[in-house]
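Remarks on the overall topology
Okay, here's what each chain looks like letter by letter:
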Amino acid sequence: AQTVTQSQPEMSVQEAETVTLSCTYDTSESDYYLFWYKQPPSRQMILVIRQEAYKQQNATENRFSVNFQKAAKSFSLKISDSQLGDAAMYFCAYRSAGGNSGYALNFGKGTSLLVTP
Amino acid sequence: DVKVTQSSRYLVKRTGEKVFLECVQDMDHENMFWYRQDPGLGLRLIYFSYDVKMKEKGDIPEGYSVSREKKERFSLILESASTNQTSMYLCASTVSGTGRSRVGQYFGPGTRLTVT
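Residues numbered from 1 in each chain as written. Chains lettered and ligands numbered in written order. Predicted model: local features only at pLDDT ≥ 70, side-chain atom pairs only at ≥ 80, totals over all residues. Heavy atoms only, no water.

On to the interface of chain A and chain B, then. Many authors give the size of an interface as the accessible area that is lost as the parts come together. In this complex, chain A contributes 22 residues to the contact, which on the side of chain B involves 28 residues. Counting every contact that joins chain A to chain B gives zero salt bridges. Linking chain A with chain B are five residue pairs in polar contact (both at pLDDT 80 or more). Mapped onto the side of chain A that touches chain B, the elements with two or more residues apiece are strand 5 (32–39), strand 6 (46–52), strand 10 (88–96) and strand 11 (106–107) of chain A. Ranked by residues supplied to the side of chain A that touches chain B, first place goes to strand 5 of chain A with four residues. In the side of chain A that touches chain B, the residues fall into eleven nonpolar, seven polar and four charged. (Contact = heavy atoms within 4.5 Å. Salt bridge = Lys/Arg side-chain N within 4 Å of Asp/Glu carboxyl O. Polar contact = N/O pair within 3.5 Å; in protein donor to acceptor, adjacent residues only side chain to side chain. Helix = DSSP H or I, 4+ residues; strand = E, 2+ residues; numbered from the N terminus. Nonpolar A, V, L, I, M, F, W, Y, C, P; charged D, E, K, R; others polar.)

Now the structure itself:
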């Protein structure tokens, strides 16, 4: 099974600053999807950004962008101009492109992001 | 918008009780999932279903079973609840098809289950 590693259990950033959350994964597959999910305190898990492995261009969604390094099996999330509402648990997730896994996600253990005024 | 709902936000049960957690999605998704979330462990897959009456074991199926009698509903069953099943349970759904499912999974709000 593919493993996803988030090496930073906690991170802190000041409002308006930039922070990068790290994620590495282990796989022998060539085609897959990578996701970052956000889980605010006591609130629902929502998708932040996704990346298809066959695309070389890094995905971007407003203040959120990724640095996808396929050879290094690295998928970091950069949050620019951090806001208080960005405070949450962030999960990196992997999904095989094939249907055998049933579209299930493999999650990392999460990084808790604290945003200070 | 896709909506995934779970029957309870908080649930307290006694050891040995049979527990049902229900999940409903309103977007005609083929695939539904049950995850367990524990601090420091992330989310772990318990079971998933890719069609009505079909189910597959995930990484930690022991002590759980599931039921999917209708496409929109996926139930998680704890036959005899134990204290080590105290956790947050998250339901999710997604469409089939490589292209369409690239959007990822949609999650319910979670059920925090306490077994005493």
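Resuming the write-up.
Before going further, it helps to spend a moment on the nonpolar core. All names here are of chain A. Ranked by size, the top nonpolar core spans 25 residues in total, and within it Tyr25, Trp36, Phe75, Leu77, Tyr90 and Leu113 carry the most contacts. Within the residue set of this core, elements represented by two or more residues are strand 3 (19–21), strand 5, strand 6, strand 8 (64–69), strand 9 (74–79), strand 10 and strand 12 (111–116). The biggest single contributor to this core is strand 10, with four residues. Beyond its immediate chain neighbours, meaning those up to four positions away, leucine 77 contacts Val19, Thr20, Leu21, Trp36, Ile49, Phe64, Ser65, Val66 and Tyr90. (Core = buried A, V, L, I, M, F, W, Y, C linked by side-chain atoms within 4.5 Å. Buried < 20%, exposed > 50% of the residue type's maximum accessible area, 1.4 Å probe, protein only.)

In this section: the sheet that holds strand 1 (residues 4–6) of chain B. Residues and elements named next belong to chain B. In spatial order, the strands read 1-3-8-7; together these four strands make up an open sheet with antiparallel pairing. Both edges of this open sheet fall to strand 1 and strand 7 (65–70), since each of them pairs with a single strand only. Taken pair by pair, the neighbouring strands of this sheet meet at an average axis angle of 20 degrees, ignoring direction. Summarising the sheet, strand 3 (residues 19–25) and strand 8 (residues 73–78) pair through six bridges and their orientation is antiparallel. Of the residues in strand 8, the one forming a bridge with valine 24 is arginine 73. (Pairing = 2+ DSSP bridges. Axes fitted to C-alpha atoms, helices over the stretch in contact; angles between N-to-C directions.)

As a further point, take the environment of A:Ser112. Residues and elements named next belong to chain A. Take serine 112: it is sitting in strand 12. Each C-alpha atom of the pair serine 112 and glutamate 10 lies 4.6 Å from the other, and the pair is 102 residues apart in sequence. Beyond its immediate chain neighbours, meaning those up to four positions away, serine 112 contacts Pro9, Glu10, Met11, Ala88 and Met89.

On to the environment of B:Glu56, then. Residues and elements named next belong to chain B. The topology assignment puts glutamate 56 in strand 6 (residues 56–57). Accessibility expressed as a relative area gives 35% for glutamate 56, which makes it partly exposed. Once the C-alpha coordinates of glutamate 56 and valine 95 are considered, the two residues, 39 residues apart in sequence, prove to be 16 Å apart. Excluding its chain neighbours within four sequence positions, the residues that come into contact with glutamate 56 are Tyr47, Phe48 and Tyr50.

Right, let's get into the pattern of salt bridges. Residue and element names in this part refer to chain B. Following the criterion strictly, the structure yields eight salt bridges over all chains and no others. Between glutamate 79 and lysine 18 there is a salt bridge, and its shortest N-O distance comes to 3.5 Å. With glutamate 79 in the loop between strand 8 and strand 9 (87–94) and lysine 18 in the loop between strand 2 (10–13) and strand 3, this pair connects stretches of sequence that are 61 residues apart. Since its relative accessible area comes to 44%, glutamate 79 is described here as partly exposed. For arginine 36, the salt bridge is made with aspartate 38, and the minimal N-O distance between the two is 2.8 Å. The residues arginine 36 and aspartate 38 share a single accessibility class, namely buried. Beyond isolated ion pairs, a larger network of salt bridges with shared partners links Arg36, Asp38 and Arg44.

Attention shifts here to the pairing of strand 8 of chain B. All names here are of chain B. Among the six residues in strand 8, five count as buried, and that is most of the element. By the bridge criterion, four bridges tie strand 7 to strand 8 in an arrangement that is antiparallel. Counted as the bridge partner of lysine 70 is arginine 73 from strand 8. If you look at the hairpin formed by strand 7 and strand 8, you'll find two residues sitting between the two strands.

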